[in-house]
Amino acid sequence: EYGGAKLKILSHYTSRMEPSLILNEKVLSSSLLVVGAGGIGCELLKNLVLTGFINLHIIDLDTIDVSNLNRQFLFKKKHVGESKAQVARSSALSLNPSANIVAYHDNVLNSSFGLSFISKFSVVMNALDNLTARRHVNRICLSANVPLIESGTSGYLGQVQVFVKGKSDCFECTPVPVPKTHPICTIRSNPSKPIHCIVWAKMLFGRLFGNSDDELDPEKDTEEATNSNEKPEEPVTEPSQDIENLLERDRQVLELEKAKSKARYLFHKFYHYDVLYLSSLTRLFKGRELPKPITLDQILSQKLMESRESDGGIDEYTRVWSIDECASRFLNLIEKLQSRVDDSGPISWDKDDEDAVDFVTAASNLRAHVFHIPLQSHFTVKADCNNQCSCCRVDGHGVSKSLEL
């Protein structure tokens, strides 16, 4: 019985069945295993039960964190701390109460999920971000001769791969590219690409408005810079006495900006004082143009318009903001986000939080400007900030592949 209607199939009519009827029978009788109940897993489970798959098992070791709520829609705030697999099961059953879903709050690497367990399923669907676990599931599926559907996302891109023993290569046949990381010293001292500035701005967001590890802070001494002898970065060479005198005078300017507002103080520190110091380390920028410090009054009065170009669109998200626009947004967002922190506590990064993405866009473009790096649109920054933008499209394709199998 499915959807309140009984599906009766007589054996002597089987040869003349409509293809859709045959597919319905196979969907109803299939047993699928979903490994992972995160961003991809939630979409996958929803699509499967709404497509008609009713015999499902799901494995996930993790528990729900508040940072999951922005994209893992099967979970709500009341579920924080609970098992992802168990809650995903309950939420999926609300979409199709006739489904038979078994949840395991466990590690797929455990011996209980070995060959005999995997052999029971028609298809296994991976929704993992752990390379070790993905390789393990791939090997078990090969041994059990069970088709494996692999899904993954990266920013606005995604892929779905089907692996069938004897008919295709396997997951480990093609090496998985190692995710790119960026040396922290490059991000802090010597950025040369837009992504360096975006990572710096995202870490700055965590430092100012969230909970950030000190070793990852773009500036270790954001609040104490004018009250200590610490410099923003480890020096390559000692600054000259002239530069020391210049920095001392600029510390006095910092105090004046601080008296006006926190936002003006932070702007001057990040885009003038710190940059002034870095520009004195000439060996750090050998063969490159030295970074150019900027002041808020300079930007707002001159209204530099060099970045008014579009990168392919005309709307607010694909347009590249001007420098004076970035400066204005930076000031306004400092006040707005700080008010949110004062009211509700630290803010977790959320790609769907427009204030957060706007802040990173403005802050990263201001830094890119002083280091002579091309500016980026809101759309591009959001894509580079997060890898969970393509789950619904990827999982829709994944379910279509399960129907083909």
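Residues numbered from 1 in each chain as written. Predicted model: local features only at pLDDT ≥ 70, side-chain atom pairs only at ≥ 80, totals over all residues. Heavy atoms only, no water.

Asker: How should helix α3 (residues 84-95) be read in this particular structure?
Answerer: Residues separated by three or four positions in an α-helix point in the same direction, a consequence of the helix having 3.6 residues per turn. Here α3 is 12 residues long and its end C-alpha atoms lie 17 Å apart, about the 16 Å a rise of 1.5 Å per residue gives. Three or more residues of α3 are buried, namely Lys84, Ala85, Val87, Ala88, Ser91, Ala92 and Leu93. In the core, the buried residues of α3 are packed alongside α2 (39-51), β2 (55-59) and β3 (100-104). Capping of α3 at its N-terminal end is provided by Ser83; its side-chain oxygen lies 3.3 Å from the backbone amide nitrogen of Ala85. (Helix = DSSP H or I, 4+ residues; strand = E, 2+ residues; numbered from the N terminus. Expected span 1.5 Å × (residues − 1). Buried < 20%, exposed > 50% of the residue type's maximum accessible area, 1.4 Å probe, protein only. Contact = heavy atoms within 4.5 Å. Polar contact = N/O pair within 3.5 Å; in protein donor to acceptor, adjacent residues only side chain to side chain.)

Asker: Looking at this structure, I do not really get the environment of Met125. What am I missing?
Answerer: Mapped onto the elements, Met125 comes out in strand β4 (residues 123-126). Residue Met125 is classed as buried on the basis of its relative accessible area of 1%. When the C-alpha positions of Met125 and Ile58 are compared, they lie 9.5 Å apart, and in sequence the two are 67 residues distant.

Asker: I tried to follow the nonpolar core on my own but got confused; where do I start?
Answerer: Buried together is how nonpolar side chains tend to be arranged in soluble globular proteins. Membership of the largest hydrophobic core comes to 56 residues, with the highest contact counts inside it found for Phe330 and Phe359. Counting only elements with at least two residues in this core, the list comes to α7 (194-209), α8 (241-260), α9 (262-279), α10 (296-302), α11 (323-344), α12 (354-370) and α13 (378-385). When neighbours within four sequence positions are excluded, Phe330 is seen to be in contact with Ala263, Leu266, Phe267, Phe270, Tyr271, Phe359, Ala362, Ala363 and Leu366. Within the second largest apolar cluster, 31 residues are counted, among which are Cys42, Ile58, Leu74 and Val160. (Core = buried A, V, L, I, M, F, W, Y, C linked by side-chain atoms within 4.5 Å.)

Asker: Looking at this structure, I do not really get the packing of aromatic side chains. What am I missing?
Answerer: Given two aromatic rings, their pairing is described by the distance between the two centres and the angle made by the two planes. Evaluation of the coordinates by the stated rule reveals 16 aromatic pairs. Between the aromatic rings of Phe209 and Phe359, the centroid separation amounts to 5.4 Å while the plane-to-plane angle is 85 degrees, which identifies the pairing as edge-to-face. One end of the pair, Phe209, is in helix α7; the other, Phe359, is in helix α12, and 150 residues separate them in sequence. Phe359 carries the same exposure label as Phe209, and that label is buried. By way of ring pairs, the aromatic residues Trp200, Phe205, Phe209, Phe267, Phe270, Tyr271, Phe330 and Phe359 are connected into one cluster. Above the plane of the ring of Tyr265 lies Lys258, whose end atom (NZ or CZ) is 5.2 Å from the centre. A cation over a ring is seen here: Arg329 above Trp321, with NZ or CZ 3.9 Å from the ring centre. (Phe/Tyr/Trp six-rings, centres within 6.5 Å; stacked < 30°, edge-to-face > 60°. Lys NZ or Arg CZ within 6 Å of the ring centre and 35° of its normal.)

Asker: I would appreciate a short explanation of the pairing of β4 in the present structure.
Answerer: What you see with β4 is no split at all: Val123 and Met125 on one side and Val124 and Asn126 on the other are buried throughout. With 4 bridges connecting them, strand β1 (residues 31-35) and β4 associate as parallel partners. Along β4, the bridge assignment pairs Leu32 with Val123. (Pairing = 2+ DSSP bridges.)

Asker: Explain the environment of Asn68 here, please?
Answerer: Following the sequence through the fold, Asn68 ends up in the loop between β2 and α3. Look at Asn68 and you get buried, because its relative accessible area is 8%. Counting along the chain gives 29 residues from Asn68 to Gly39, while the straight-line C-alpha distance between them is 7.9 Å. Every residue in contact with Asn68, bar those within four places of it in the chain, is listed here: Thr63 and Lys84.

Asker: So what exactly am I meant to see when it comes to the packing of α2 against α3 here?
Answerer: If you want to describe how two helices pack, look at the angle between their axes and the distance between the axes. Relative orientation of the contacting elements α2 and α3 amounts to 30 degrees, with a least axis distance of 9 Å. Put simply, α2 runs roughly parallel to α3. When the axes of α2 and α3 are compared, the crossing they make is right-handed. Only Ala88, Arg89, Ala92 and Leu95 of α3 make contact with α2, whose side of the interface consists of Leu45, Lys46, Val49 and Leu50. (Axes fitted to C-alpha atoms, helices over the stretch in contact; angles between N-to-C directions. Parallel < 35°, antiparallel > 145°, perpendicular 65-115°, else oblique. Left-handed = near helix turned anticlockwise from the far one by under 90°.)

Asker: Can you help me understand the state of the cysteines in this one?
Answerer: Any covalent bond linking the sulfur atoms of two cysteines counts as a disulfide. Taken as a whole and assessed by the stated rule, the structure comprises 0 disulfides. Distance from the sulfur of Cys173, which forms no disulfide, to the nearest cysteine sulfur (Cys170) is 3.1 Å. Judged by its relative accessible area of 48%, Cys173 is partly exposed. (Disulfide = S-S within 2.5 Å.)

Asker: Looking at this structure, I do not really get the confidence of the model for the chain. What am I missing?
Answerer: Note that predicted coordinates carrying low pLDDT should not be read in detail. Taken as a whole, the chain shows an average pLDDT of 79; of its residues, 75% reach a score of 70 or greater. Across residues 213-236, confidence stays below pLDDT 50; counting only partners more than four residues off in sequence or on other chains, it has 65 contacts. (pLDDT = per-residue confidence, 0-100.)

Asker: Whenever I open this one, the side chain of Ser83 confuses me. Can you help?
Answerer: Turning to its location among the elements, Ser83 is positioned in the loop between β2 and α3. With a relative accessible area of 10%, Ser83 lands in the buried category. There is a polar contact of 3.2 Å between the side chain of Ser83 and the backbone nitrogen of Gln86. Non-local contacts of Ser83, meaning those with residues more than four positions away in its chain, are made with Asp62, Thr63, Ile64 and His105.

Asker: So what exactly am I meant to see when it comes to the pattern of salt bridges here?
Answerer: It is possible for side chains bearing opposite charge to pair when their charged atoms get close. In this structure the tally under the stated criterion is 16 salt bridges. Residues Lys260 and Glu257 are paired through a salt bridge, measuring 3.4 Å at the closest nitrogen-oxygen approach. Note that Lys260 and Glu257 are positioned in helix α8 at a spacing of 3 residues, about one turn of the helix. Glu257 sits in the buried class, given a relative accessible area of 8%. Several salt bridges share partner residues, and in doing so they unite Glu257, Lys260, Arg264 and Asp297 into one network. (Salt bridge = Lys/Arg side-chain N within 4 Å of Asp/Glu carboxyl O.)

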